[in-house]
Amino acid sequence: MNSIRVRLGVLGLALLTGLTVPPSASAAEAAPSPTVEEQRLDRAAPQEILRRSGFDAVAPRLARALDSARSYGQARRAVTREGSQLWRRAVDRAQGRGPAGGDLSRDDDRPLYWARLGLTREVRTWEPQFGLTDGQRAALLDELERTSRGQTAIGYPHGKGQKRILLTGFDPFTLDRDIRISNPSGATALALDGTVVETADGPARIETAVFPVRWRDFTDGTVERALRPHLEDIDLFTTVSQGRVGRFDIERTNGAWRGGFGDNENIGRTETIPVTDPASQPQWTTTTLPYGPIVAADTGRFPVYDNTSVTEIPAGGTEPVVRPGGPTPGSTARQGGGGDYLSNEIAYRATLLRDRLGLHDVLPGGHVHTPVLQFGAGNTTEVTDPEFVRNRLDIIAQVRTILRVAAEES
C-alpha cells in the first residue's frame, strides 16, 4: 500500500514538473556551500554508519542522476524519486524487508539521517549547465526533505473498521557532543510506519514521519504543513522525541517559548514560538492523550510518568518560577513539561493546530518523551554495541505498547 502511493505521488509530480520551463543560464545563481549539518557527514562515524548499512551508495546515485538532468523538470523528478526511495528503503530495512546492506542493526535510524544529508549536499552544491535559480534550488531541497522524511507518504486505507494513528519522530541531535548519537524517536517512526497494532477495539494503523532538529524549518511551518491534511481524518496522534534518562514522560502541558538551545545547525532561538495569527496565540496547550491509563499500564521496562511540571512567569511577575502542578492563570510560558526546545515546540504546534481545527475535545493527541538512548558502559568510540541496540529495541516496543493503550482508551 505504501509503495503504491509513493509511486503514484512520484508520477503526479513528474507530470507536473515536466511542464516547467528551464531557466536561462543567465538566471543561474552560484551554488551555496554545504551547511554545518552537512559538513559533519565527512567525519569517520557517519561514514562508517553509511558503509555498514549499505546507504553509502545513496548520494552518489543522486549525483549521477543530477549530472544527467538536462532541465529543472528532470532534476525535480530525480530528487522526488531518490527522496521517496530513501524513506521507503529505511522503513523496509527497519522492518526486516530487503537486504540489511551490512552488519549495522536494522533498527538503526542513523543511516537515513546521514544518507539524507548526503542527498541534500548534492543538491545544494550542484551546478548544472542549464542554470538554476535560488528559488529552484530551494524547491528541490524542500521536495527532498519532505519525501525522504515520509511527510508526503502518509496515507491510510479507505473504509472503516480500523483506527488511524499518526506518530512523528526526530533526527539525531547534539552531534557535536557525540557524533554517534541515534534518536529513538526516529527509529520508532521507521519501525512502526505502515504497521498495524491490535487493540481491544480492533486494529489500528500507524503512519509516521520524521522532522528535522532545526529552528528554521519549524518557523517556516513544516509541522503544520505535514500534519494539517491529516488531523481531521485520524483517531489519535503523538509527537515523540528523546527526553530524560531512564524514563518515559507523557507531557501534560506545552509552552509557547523557545529557550535558545543550539539546533543541528548550531543556531539558537530565544523567543515566543512564531505561529500564524499570533494575536490569538495561547501561552499553553495541553495533551488530550489518555495519560492516566497510559501511566497505569504495564507498557515495558522503563517507568512512564505523567509530567505536569512547567516553568512560567506568573501574571504580574518578572522572574521564571517552576510550577510542579502546571501553569497558573495568566502566566507566560518559559518551559512546557517537555522543556523549551524543539520537542516542546512540535508538541505545542501539533496541539495548537488540533485546537484551531476545533478538535480539542474529539482528537486525542500530545507528546511522549522516550528515555535517552545510551551506549553500553565504557563504549566511548564504537558506533554501536549490544546494550545500545537492546535499549533502542526496548524503547521502540514500549512506544508501540503505549500507542495500543492510548488507542484502546480513546
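Note that the coordinates shown come from a computational prediction; the quantities given were computed from them, not determined experimentally.

> I tried to follow the sheet that holds strand 5 (residues 248-251) on my own but got confused; where do I start?
Within a sheet, adjacent strands bond to each other through the backbone by hydrogen bonds, running parallel or antiparallel. With mixed pairing, seven strands are arranged side by side in an open sheet as 2-3-1-4-14-5-10. The outermost strands of the open sheet, each flanked by one partner alone, are strand 2 (196-199) and strand 10 (304-307). Taken over all neighbouring pairs, the strand axes of this sheet differ in orientation by 25° on average, direction set aside.

> What should I look at first to understand the side chain of D109 in this one?
One can find D109 in the loop between helix 5 (72-94) and helix 6 (110-125). A polar side-chain atom of D109 sits 3.1 Å from the main-chain amide nitrogen of N183. Those residues within four positions of D109 in sequence are excluded, and the remaining contacts are P172, S182, N183, G186, A187, L190 and R392.

> What exactly am I supposed to notice about the packing of aromatic side chains here?
Two aromatic rings, taken as a pair, are described by how far apart their centres are and by the angle between their planes. Enumeration over the complete set of coordinates arrives at nine aromatic pairs. Ring geometry for W215 and Y341: centres 5.5 Å apart, planes at 80°, overall edge-to-face. Taken together, the residues W215 in helix 9 (residues 215-219) and Y341 in the loop between strand 13 (332-335) and helix 12 (342-356) connect sequence positions 126 residues apart. The class of W215 is buried, set by a relative accessible area of 1%. Between F375 and F388, the ring centres sit 4.1 Å apart and the planes meet at 10°, which makes this aromatic pair stacked. In this pair, F375 sits in the loop between strand 14 (365-370) and helix 13 (386-409) while F388 sits in helix 13, placing the two residues 13 residues apart along the sequence. Of the two residues examined, F375 and F388, each falls in the buried class. Ring pairing ties together the aromatic residues F173, W215, F261 and Y341, which thus form one cluster. Geometry around F55 places R89 over its ring, the cationic atom sitting 4.3 Å from the centre.

> Even after reading the chapter, I still don't get empty space enclosed by the protein, so can you show me in this structure?
Over the atoms, a rolled probe matching the size of one water molecule traces out where space is still vacant. Counted under the stated rule, the structure contains two cavities of 30 Å³ or more. D109, L112, Y113, F170, D171, P172, G186, L190 and V210 are the residues that line the largest cavity. Contributions of two or more residues to the lining of the largest cavity are made by helix 6 and helix 8 (184-192). A class-by-class count of the residues in the lining of the largest cavity yields six nonpolar, one polar and two charged. Taken together, F55, A90, R93, A94, R106, D108, P111, L112 and L190 make up the lining of the second largest cavity.

About the thresholds
Residues numbered from 1 in each chain as written. Predicted model: local features only at pLDDT ≥ 70, side-chain atom pairs only at ≥ 80, totals over all residues. Heavy atoms only, no water. Pairing = 2+ DSSP bridges. Helix = DSSP H or I, 4+ residues; strand = E, 2+ residues; numbered from the N terminus. Axes fitted to C-alpha atoms, helices over the stretch in contact; angles between N-to-C directions. Polar contact = N/O pair within 3.5 Å; in protein donor to acceptor, adjacent residues only side chain to side chain. Contact = heavy atoms within 4.5 Å. Phe/Tyr/Trp six-rings, centres within 6.5 Å; stacked < 30°, edge-to-face > 60°. Buried < 20%, exposed > 50% of the residue type's maximum accessible area, 1.4 Å probe, protein only. Lys NZ or Arg CZ within 6 Å of the ring centre and 35° of its normal. 1 Å grid on protein atoms, 1.4 Å probe; cavity = no way out; pocket = protein on both sides within 12 Å on 5 of 7 lines; lining within 4 Å. Points joined across faces, edges and corners; volume = space filled by probe spheres on them. Nonpolar A, V, L, I, M, F, W, Y, C, P; charged D, E, K, R; others polar.

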